[in-house]
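Breakdown of the fold
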Amino acid sequence: MPAIKRRETTAWIRRVAATYGRKVGEVGYLFCNDEHILQVNREYLGHDYYTDIITFDYDEGDTVNGDLVISLDTVRTNAEKFHKPYAEELHRVIIHGILHLCGLNDKGPGERELMEEAENRALALRI
């Protein structure tokens with residue numbers, strides 16, 4: 001289980017969601033390994049690859065609700081790959097999922113760059 005300061009992280013997520021005119025309802029987190037996230041990816045999305053996060057969106061109106069499935073194996077691998085501290089990469093992945101719940105996408109043309117900019121703005125709010 002990662003060392004996350006729950007109150008600080010919750011307050012940060014609320015601040016980020018508020019910048020999109022959203023409130024935070026219920027958000028569940030499942031921290032797992034690569035094999036489990038691969039199983040979830042295959043079963044629920046029909047994708048046969050590893051990923052760092054899968055976001056299930058249950059939003060209601062302007063309230064963010066959902067489940068975030070996060071592979072700590074991939075988070076650690078990406079932290080090493082990008083020469084970032086593990087905690088920073090973990091928070092980037094968490095906020096990535098929250099940004100999805102706020103309506104941002106990263107699959108279409110130019111969306112990945114917009115998502116990265118949003119992640120960086122959100123990480124700056126964490127300080």
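Above this text is the structure in question.
Remember, predicted model here, so these are calculated numbers, not experimental data. (Residues numbered from 1 in each chain as written. Predicted model: local features only at pLDDT ≥ 70, side-chain atom pairs only at ≥ 80, totals over all residues. Heavy atoms only, no water.)

1. Observations regarding the pairing of strand S2 (residues 53-57)
Note that S2 and strand S3 (residues 63-71) share five bridges and pair antiparallel. Note that in S3 the partner of Thr 55 across the bridge is Leu 68. The hairpin formed by S2 and S3 contains five residues between the paired strands, and Gly 61 there has a positive phi angle of roughly 60 degrees. (Pairing = 2+ DSSP bridges. Helix = DSSP H or I, 4+ residues; strand = E, 2+ residues; numbered from the N terminus.)

2. Considering the pattern of salt bridges
Enumeration over the complete set of coordinates arrives at eight salt bridges. Between Glu 88 and Lys 84 there is a salt bridge; the shortest N-O distance is 3.9 Å. Two residues, Glu 119 and Arg 92, come together in a salt bridge whose shortest N-O distance is 2.9 Å. Of the two residues, Glu 119 is situated in helix H5 (residues 111-125) and Arg 92 in helix H4 (residues 86-101); the sequence distance between them amounts to 27 residues. (Salt bridge = Lys/Arg side-chain N within 4 Å of Asp/Glu carboxyl O.)

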